[in-house]
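Below are the chains, spelled out letter by letter.
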Amino acid sequence: MSSLRAKLTLALLVISCPCALALAAPAALAATHGTLARLGVLALGEAALDRLSAVTDVVFDKTGTLSDGHPVLSEVTALGDHGRDEVLAIAAALESDSGHPLARAFAGIAPAGVATDVRAVPGQGIEGEVDGVRWRLGRAGFAAGGEEDDAIWLGDGRQAAARFRISESARPDAAEAVALLRGMGLRVHLSSGDAEGPVRRFASELGIERAHARQSPEDKLDYARSLQAEGRVVAMVGDGLNDAPVLAGADVSIAIGEGAALAQRAADLVLAGRSLARVPETVDVARRTRRVIRQNIAWALAYNVLAVPLAAAGMVTPWLAALGMAASSLLVTGNALRLARPGRKESIA
């Protein structure tokens, strides 16, 4: 009798071990991080994947995020007594140490000396001293005291010295990435500090219906919070210094790896490569991970609910209990390993 009771107790202890339940989430997350590593995505936040799986809206920055990061000077107009080469050299000096993607348009131009006391004004432009003269480069109202347009102006804050127009091209896979996100049932938004014209053209080209121009860092954050107030779960994708506040304030944020370091530090996930196709792929991986974790937890709980009463009734021997415990753990692990296989979106790139 004591031998039977000992066997029953042993079987009950073995079969009630929560091994499968303990493995449900860690096994899935381990497989997921391996998949993300192959995609070139680094998850920094603890709950980043869980929040990403519940996202309803994706907000993109334009310059350096949707654009290819290679701006080109399409028009240079020197004003007043200033020559074309002079204004280009001044602009190049101001932008020489700037981290803004548009600064690359002036990268191949010899600067007029070294700019000192340089200060970036978020959402407006940059100012500094070149050869003893204080200059501003940015929006018309900031740099030249004029009416806003879609050009970049050089001036002293009151009078214009030059007007520059910069053209940008979308990343090759930007339209496809936007289409995939919309196909997944997500609303896609464009929030940019650039002028109305370029922002509208980009939105039209990429199929984005909700576009907002002349957005300061505070405006971008307020826009994300307005969506959150409607009950939406917001993912922000950006790359620049101006995106850091909204990257920190969104429910989950994705930074472009070649962007500003501050933006990467504020983000939950970082894309190491240049491909925007990684964004819908990562959303898909996050959704699959959530499903697999729920399946694993459901199986582990169902196994314990069914097996423990059987063991308590003496219908399970110790060896069968050990076999069941091992089988349940293997099932949970095998289900998690499905996340290591390419998913529906991961085959894009």
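The rules behind each value
- Residues numbered from 1 in each chain as written.
- Predicted model: local features only at pLDDT ≥ 70, side-chain atom pairs only at ≥ 80, totals over all residues.
- Heavy atoms only, no water.
- Helix = DSSP H or I, 4+ residues; strand = E, 2+ residues; numbered from the N terminus.
- Buried < 20%, exposed > 50% of the residue type's maximum accessible area, 1.4 Å probe, protein only.
- Contact = heavy atoms within 4.5 Å.
- Areas by Shrake-Rupley, 256 points an atom, 1.4 Å probe, with all protein chains shown as cover.
- Core = buried A, V, L, I, M, F, W, Y, C linked by side-chain atoms within 4.5 Å.
- Salt bridge = Lys/Arg side-chain N within 4 Å of Asp/Glu carboxyl O.

A. How the structure looks around the overall build of the chain. Helix and strand counts for the chain come out as 13 helices and 13 strands. Relative to its 349 residues, the chain shows a buried fraction of 47%. The contacts of the chain with a sequence gap of at least 6 include a subset with a gap of at least 24, amounting to 61%. When the accessible surface of the chain is summed, it comes to about 16000 Å², and 57% of that surface belongs to carbon and sulfur atoms.

B. Looking closely at the nonpolar core. Judged by nonpolar contacts, the single largest core of 39 residues is most densely connected at Leu52, Phe60, Leu66 and Leu269. Among residues more than four places away in sequence, those in contact with leucine 269 are Val41, Leu42, Ala43, Ala48, Leu49, Leu52, Val252, Ser253, Ile254, Ala255 and Thr282. Formed by 21 residues, the second largest nonpolar core is a distinct cluster that contains Ile90, Ala92, Leu94 and Ala161.

C. The arrangement of the pattern of salt bridges in detail. In total, this model carries 21 salt bridges according to the counting rule given. Where glutamate 168 meets lysine 62, a salt bridge forms, and the shortest distance between an N and an O atom there is 2.5 Å. One end of the pair, glutamate 168, is in the loop between strand E8 (160–167) and helix H7 (174–183); the other, lysine 62, is in helix H4 (residues 62–66), with 106 residues separating them in the sequence. For the residue pair glutamate 168 and lysine 62, the accessibility class agrees, reading buried in each case. Three or more residues are tied together by salt bridges with common partners; here these are Asp117, Arg119, Glu127, Arg134 and Arg136.

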